[in-house]
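# What the coordinates show
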Amino acid sequence: MKKTFFALLMAVALLLPTAALGQTVKISSDERKMAEEITAGQLSNYLYFVASDAMGGRDTPSYGLDVTAEFLKMNLQKWGFKGAGDNGTFFQKIGLRRDAIDPAATSVKIGGESFAYGEDIARASGSGNISAPIVFAGNGWMIKSKNMNPYANIDIKGKVVAVIGEGPIGGRGLVPMPAGVTQADLPAAGRGTEWADAATYARNNGAAGLLILPSKFLQENWGAVTANFGRSRMVVDKLAPAGGAPQGGQPPMTVLFASVKAANAIFKGEAGNPLNGYAESFAVNPSKNFDFTIATKTEMQWTQNVVALWEGSDPVLKNEMVALGAHYDHVGTNPNAPGDDKIWNGADDDGSGTVSVLSIAEALAKGKVRPKRSILLVWHAGEEKGLWGAEYFNKFPTVNIKNVIAQLNIDMIGRSRKAGDTNPKNKDLSDENGVYVIGAEMMSSTLGAITKGTNDAYLKIGYDYKYDDPKDTNRFFFRSDHFQYALNGIPIAFWFTGVHEDYHQATDHPDKIDYNKMEKIARTIFLTMWELSDLKERPKIDKQLPPELTQR
Ligand SMILES: [Zn+2]
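Residues numbered from 1 in each chain as written. Predicted model: local features only at pLDDT ≥ 70, side-chain atom pairs only at ≥ 80, totals over all residues. Heavy atoms only, no water.

## Regarding the nonpolar core
The test is simple: Think of a nonpolar core as a cluster: buried Ala, Val, Leu, Ile, Met, Phe, Trp, Tyr and Cys residues, connected wherever their side-chain atoms sit within 4.5 Å. Partly exposed residues are those whose accessible area sits between 20% and 50% of the maximum for their type, while under 20% is buried and over 50% is exposed, using a 1.4 Å probe and protein chains only. Comment: elements are numbered from the N terminus, with helices defined as DSSP H or I runs of at least four residues and strands as E runs of at least two.
Phe 81, Leu 408, Trp 495, Phe 526 and Met 529 are the most contacted members of the largest nonpolar core, which has 66 residues in total. Counting residues per element, this core draws most heavily on helix H13 (residues 515–533), at 10 residues. Listed in part, the 57 residues of the second largest apolar core include Ile 110, Tyr 151, Val 161 and Phe 257.

## Concerning the sheet that holds strand S15 (residues 290–293)
Test applied: The pairing criterion is simple: DSSP has to find at least two bridges between the two strands. Here, axes are lines fitted to C-alpha atoms. For helices the fit covers the stretch in contact, and angles between N-to-C directions go from 0 to 180 degrees. Every residue pair with non-hydrogen atoms within 4.5 Å of one another is taken to be in contact.
The sheet built from four strands is open, its strands ordered S4-S3-S15-S6 with antiparallel pairing. Strand pairing shows two members of the sheet lacking a second neighbour, strand S4 (113–115) and strand S6 (130–132), which therefore form its edges. For this sheet, the mean angle separating the axes of adjacent strands, direction not counted, is 20°. Relative to S15, strand S3 (residues 107–110) is paired through four bridges, and the arrangement is antiparallel. Of the residues in S15, the one forming a bridge with Ile 110 is Phe 290. This element, helix H8 (residues 260–267), spans S3 and S4 of the sheet and lies at about 160° to S4.

## Considerations on the domain arrangement of the protein chain
Filter applied, for reference: Residue ranges labeled as domains rest on an automatic or database domain assignment.
Domains assigned within the protein chain are domain 1 (18–98 + 300–549) and domain 2 (103–294). Between domain 1 and domain 2, the C-alpha centre-to-centre distance is 42 Å.

## Let's talk about the packing of aromatic side chains
As a reminder of what qualifies: Aromatic pairs are defined between Phe, Tyr and Trp rings, using the six-membered ring for Trp, whenever the two ring centres lie within 6.5 Å; interplanar angles under 30 degrees are classed as stacked, those over 60 as edge-to-face, and all others as tilted. Think of it as a cone above the ring: NZ of Lys or CZ of Arg counts as a charge over the ring if it is within 6 Å of the ring centre and within 35 degrees of the ring normal.
Across all of its chains, the model carries 24 aromatic pairs by this definition. Considering the side-chain rings of Phe 478 and Phe 483, the 5.1 Å spacing of their centres and the 70° angle between planes classify their relative orientation as edge-to-face. Phe 478 sits in the buried class, given a relative accessible area of 11%. Here a set of aromatic residues connected by ring pairs shows up, and it is made of Tyr 436, Tyr 467, Phe 476, Phe 494 and Phe 496. Geometry around Trp 310 places Arg 370 over its ring, the cationic atom sitting 3.7 Å from the centre. Sitting above the plane of the Phe 478 ring, Arg 475 keeps its charged end 4.1 Å from the centroid.

## Things to note about the sheet that holds strand S9 (residues 160–163)
Strand order in the open sheet formed by six strands is S5-S13-S11-S9-S7-S14, and the pairing between neighbours is mixed. Looking at which strands have only one partner, the edges of the open sheet turn out to be strand S5 (121–125) and strand S14 (282–283). In terms of strand pairing, S9 meets strand S11 (residues 209–212) through four bridges, oriented parallel. Residue pairing in the sheet places Val 161 in a bridge with Leu 210 of S11.

## Considerations on the packing of helix H3 (residues 40–50) against helix H9 (residues 347–366)
Convention followed: Each angle gets one of four labels, with under 35 degrees taken as roughly parallel, over 145 as roughly antiparallel, 65 to 115 as roughly perpendicular, and the rest as oblique. When the near helix sits turned anticlockwise from the far one by under a right angle, the crossing is termed left-handed; a clockwise turn instead gives a right-handed crossing.
Running from N to C, H3 and H9 point in directions that differ by 130°, and their axes come no closer than 9 Å. The orientation of H3 with respect to H9, classified from their angle, is oblique. Our pair here, H3 against H9, has a crossing hand that is right-handed. Facing H3, whose interface residues are Gln 42, Leu 43, Tyr 46, Leu 47 and Val 50, H9 presents Ala 347, Gly 351, Ser 352, Thr 354, Val 355, Ser 356, Leu 358, Ser 359 and Glu 362.

## Things to note about the packing of helix H4 (residues 63–78) against H9
Defined as follows: Gly is put with the polar residues, along with every residue not named as nonpolar or charged; the nonpolar set is Ala, Val, Leu, Ile, Met, Phe, Trp, Tyr, Cys and Pro, and the charged set is Asp, Glu, Lys and Arg.
H9 packs onto H4 with a crossing angle of 10° between their chain directions and a minimal axis gap of 10 Å. Relative to H9, the element H4 lies roughly parallel. On H9, the residues touching Phe 71, Leu 72, Asn 75 and Leu 76 of H4 are Thr 354, Leu 358 and Ala 361. Tallied by class, residues from the contact of H4 with H9 come to five nonpolar, two polar and no charged.

## Digging into the coordination of the zinc ion
Using the following cut-off: Only N, O and S atoms count as donors, using a 2.8 Å limit from the metal and a wider 3.2 Å limit for Na, K and Ca, and since water is excluded some coordination spheres may look unfilled. Any site counts as irregular unless it has four donors with all angles between 85 and 135 degrees, making it tetrahedral, or four or six donors with opposite ones more than 155 degrees apart and the rest between 65 and 115, making it square planar or octahedral.
For the zinc ion, every protein donor is listed as His 327 (NE2), Asp 349 (OD), Asp 411 (OD) and Asp 411 (OD), and the spread of their distances is 1.9 to 2.6 Å. If you look at the zinc ion, its four donor atoms make angles of 51 to 143° with each other, and the shape they trace is irregular.

## What to know about the environment of Gly 126
Following the sequence through the fold, Gly 126 ends up in the loop between S5 and S6. With relative accessibility at 13%, the residue Gly 126 sits in the buried group. It is 45 Å that separates the C-alpha atoms of Gly 126 and Ile 360, two residues lying 234 residues apart in sequence. Beyond its immediate chain neighbours, meaning those up to four positions away, Gly 126 contacts Pro 252, Met 253, Thr 254 and Ile 294.

## As for the pairing of S11
Residues of S11 alternate between two faces, with Gly 209 and Leu 211 on one and Leu 210 and Ile 212 on the opposite face, all of them buried. Inspection of the sheet shows S11 paired to strand S13 (residues 255–258) by three bridges, in the parallel sense. From the neighbouring strand, Leu 210 faces S13, where its bridge partner is Val 255.

## Concerning the confidence of the model for the protein chain
For clarity, the threshold we go by: Residue-level confidence of the predictor is summarised by pLDDT, bounded by 0 at the bottom and 100 at the top.
Residues at a pLDDT of 70 or more form 91% of the protein chain, whose mean pLDDT is 91. Note on residues 4–20: pLDDT is under 50 here. Beyond four places in sequence and across chains, it has three contacts.

## A few points about the pattern of salt bridges
Pairing is possible between side chains that carry opposite charge, provided their charged atoms lie close to one another. This is how it is decided: Criterion for a salt bridge: a side-chain nitrogen of Lys or Arg within 4 Å of a carboxyl oxygen of Asp or Glu.
Throughout the structure, instances matching the rule amount to 25 salt bridges. Salt-bridge contacts for Glu 70 lead to Lys 73; the nearest nitrogen and oxygen are separated by 3.4 Å. Taken together, the residues span about one helical turn, with Glu 70 and Lys 73 both in helix H4 at a distance of three residues. Its relative accessible area of 38% is what places Glu 70 among the partly exposed residues. For Arg 523, the salt bridge goes to Glu 519, with nearest N and O atoms at 3.5 Å.

Structure representation (structure tokens):
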């Protein structure tokens, strides 16, 4: 009894403030006029530039991304914005580090015989030296439910574990799943105990390194392996600890690929050669010690967030900011893509957000009046690489981030599902009057009320809150830049029209964009930003936050 009574009480309590806060938002004619400076034609004009092949898909880092940054800066300067990046410029520079192997200084010996790094051995990951005997462990997979355990009769502690597995590498680790094993056999909770791929088992059991022997797939793709794996993954220098050691953890284990020549040298005179199908685990003659001395050189490249400020009119409130953001990067090109189109233009993702924020900036600049609080515009780099730019901005802010009262994020607002479209890839795409709004109700009831109230008082777009749930399996709340602001305790609202058939495809082109809907959404976000900037008090975080936002 009590619970429901309590629930009822809660509902009433909740209703009350919201009803009170559901204050109707009043939009003045000046504000409306400013919002209507944002037009479908303007958005299209900018998007055909930003998502043109000339921008090369705006990878991070890339020439096309830098040109897009210059384009944004050129317009912002022209419109009288203040640079809010490094030292009053429009850019916040971000150093990207890649540890590249120095092949000339890297040596490989097997039983004292030298082999060429980059030809006979290539690094998959890790950067530690190795000097240890070798054991062969079949395909390296331990799966209790399948009675698979190639480690039963060997001791891998302090050894280099050599493994081989047929098929393309990728999905689960670097050694393909054995035939007859499916994802269902590998529940996440059992990883390391009920089952383990080769790298996991080797790491958990103190191996000195992992050596992946040349399966047919690797032999056919040896050129790509040596080309791509010589250099470590690029990381954000100031966000990733030097030497690749994860926070407080062990440096990652060194994992290497071996060529046919190196593999044959290891298994010459042994019980059997895995390249000829021998599958039993055994310890290789210890005289064939594996000595790997690695030398890396750090390559630094640079990219940037684009950061601008439009100063508010109120002498006090102008110290606070409403932040507006999008990511101006996408995934670049794929030279191996089938067909002629190798450029991932990213018109919707996130060209639509990039030019919407730019058009909102232009509308501010054309306005006769200024909002009370200041407006902070951030175009993030590296979103596709893992929210790099947004994490960097929140960890190394170029403004007093404590004064950011809310962040409005726009990522993919350019597409609509047309009536009669039965393509399953478009099933969750919003229709010509719909948009998903995520996060607005999750942290601050004031932000939720303003977001909803502005739309109700203006174009009454079909605001869909379906994904506004941290438990949503698509996890959209966690998948774009706003999440880094939310982690920083800033209430956020995120606009998104849904995934579609061209999502992360070369075909995400500007001629597929619904500019009329985009215009409506961008205008409404402009007015939402304005309402927030003129609030008497900044929105409080008054909602029960999801654990991801509280466990820091
Ligand atoms: Zn995106």
